[in-house]
Amino acid sequence: MNTDRKALWAVRELGLPAIVKPCVDCPGTRHRPSGRFRVNANGKLLDVWLLLCCEACGNTSKVPVHERRHVQQLEPARRLAFENNDPAMVRALAMNASLAAKSGYRLDWTGTWRLETDLPFYSPQDPHSLTVFVGFELPAPIRVERLLMSGLGLSRGEVRRMVASGRIRLPLNLETKAHQDFAFTVEAGSGS
Ligand SMILES: [Zn+2]
């Protein structure tokens, strides 16, 4: 009798990505959020910036979050989060890929996550099929192939062969960088 097994993998958050852009004061490029916003009201128009610190020299710079936004266009709760330097808002914007693209900087996710699995050992000969749910605590883009190698403890060649033969059924390409929850299935091995 084959019994389907299920496993949960979690991409745990170890820290925020570095914000990579030139510093005006030193040759450094890596920045961290300072934990604060600057909000300027000019009549009915609001400007909101996320404040950053250069990791090398501590120089403060700012990233525009809202520019000349009409006060009434901004939800009061959102405005309050900016005014109170809400840490959840800082975290969300510091990881926001579209803000990065809009503002012309890159996010470096190195060292921001680790994969935690409840799967102590996986054998490719396993006679049971296995469904794995992968949950992301943070939207770190991680190559699917790397997740599978790490989580299943298999080599790149083994993972590629199992995907090519249909043993591993995935909703994404191996080369894709996943950044949000997905699930995949490993079909039962021939076993014996
Ligand atoms: Zn600097």
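The rules behind the values
Residues numbered from 1 in each chain as written. Predicted model: local features only at pLDDT ≥ 70, side-chain atom pairs only at ≥ 80, totals over all residues. Heavy atoms only, no water. Pairing = 2+ DSSP bridges. Helix = DSSP H or I, 4+ residues; strand = E, 2+ residues; numbered from the N terminus. Core = buried A, V, L, I, M, F, W, Y, C linked by side-chain atoms within 4.5 Å. Buried < 20%, exposed > 50% of the residue type's maximum accessible area, 1.4 Å probe, protein only. Contact = heavy atoms within 4.5 Å. Axes fitted to C-alpha atoms, helices over the stretch in contact; angles between N-to-C directions. Parallel < 35°, antiparallel > 145°, perpendicular 65-115°, else oblique. Nonpolar A, V, L, I, M, F, W, Y, C, P; charged D, E, K, R; others polar. Donors = N, O, S within 2.8 Å, 3.2 Å for Na, K, Ca; no water. Tetrahedral: all angles 85-135°; square planar, octahedral: opposite > 155°, others 65-115°. Polar contact = N/O pair within 3.5 Å; in protein donor to acceptor, adjacent residues only side chain to side chain.

Q: Outline the pairing of strand β1 (residues 5–13), supporting the account with residue identities and numerical values.
A: Pairing of β1 with strand β8 (residues 130–136), which is carried by seven bridges, proceeds in the parallel orientation. The partner of V11 across the bridge, within β8, is F136. Pairing geometry for β1 and strand β7 (residues 113–117), over five bridges, is antiparallel. Bridge pairing in β7 links R12 to R114.

Q: How would you explain the nonpolar core if you had to name every residue and give the values?
A: V11, V134, L147, L148, F182 and F184 are the most contacted members of the largest nonpolar core, which has 47 residues in total. If near-sequence neighbours (up to four positions away) are discounted, V134 is found in contact with W9, V11, L147, D181, F182 and F184.

Q: I'd like a rundown of unusual backbone geometry, residues and numbers included.
A: Although it is not a glycine, R68 adopts a positive phi angle of roughly 45 degrees. Tracing the sequence through the fold places R68 in strand β5 (residues 60–70). The backbone of N85 shows a phi angle near 50 degrees, a positive value even though the residue is not glycine. With respect to the secondary-structure elements, N85 resides in the loop between α1 (76–83) and α2 (87–94).

Q: Can you tell me about the packing of helix α4 (residues 144–152) against helix α5 (residues 156–164), naming the residues and giving the values?
A: A pair of packed helices can be characterised by two numbers: the angle between their axes and the separation between those axes. The geometry of α4 relative to α5 is characterised by a closest axis approach of 9 Å and an angle of 110 degrees between their N-to-C directions. If you check the angle between α4 and α5, you find them roughly perpendicular. Note on element contacts: α5 touches α4 through R156, V159 and R160, opposite E145, L148 and M149. Class assignment of the residues belonging to the contact of α4 with α5 gives a composition of three nonpolar, no polar and three charged.

Q: So what's going on with the coordination of the zinc ion? Residues and values would help.
A: Donor atoms from the polypeptide that coordinate the zinc ion comprise C23 (SG), C26 (SG), C54 (SG) and C57 (SG), at 2.3 to 2.4 Å from the metal. Classification of the site at the zinc ion rests on its four donor atoms, whose angles at the metal span 105 to 115 degrees, yielding the label tetrahedral. In primary-sequence terms, the residues that donate to the zinc ion follow C-x2-C-x27-C-x2-C. Residue C26 is found in the loop between β2 (18–20) and β3 (30–42), and its partner C54 is found in strand β4 (residues 45–54); the two are separated by 28 residues along the sequence.

Q: A description of the environment of S165 should follow, citing residues and the corresponding values.
A: Topologically, S165 is positioned in the loop between α5 and β10 (168–169). Since its relative accessible area comes to 54%, S165 is described here as exposed. In this structure the side chain of S165 is engaged in a polar contact, spanning 3.3 Å, whose partner is the backbone oxygen of M162.

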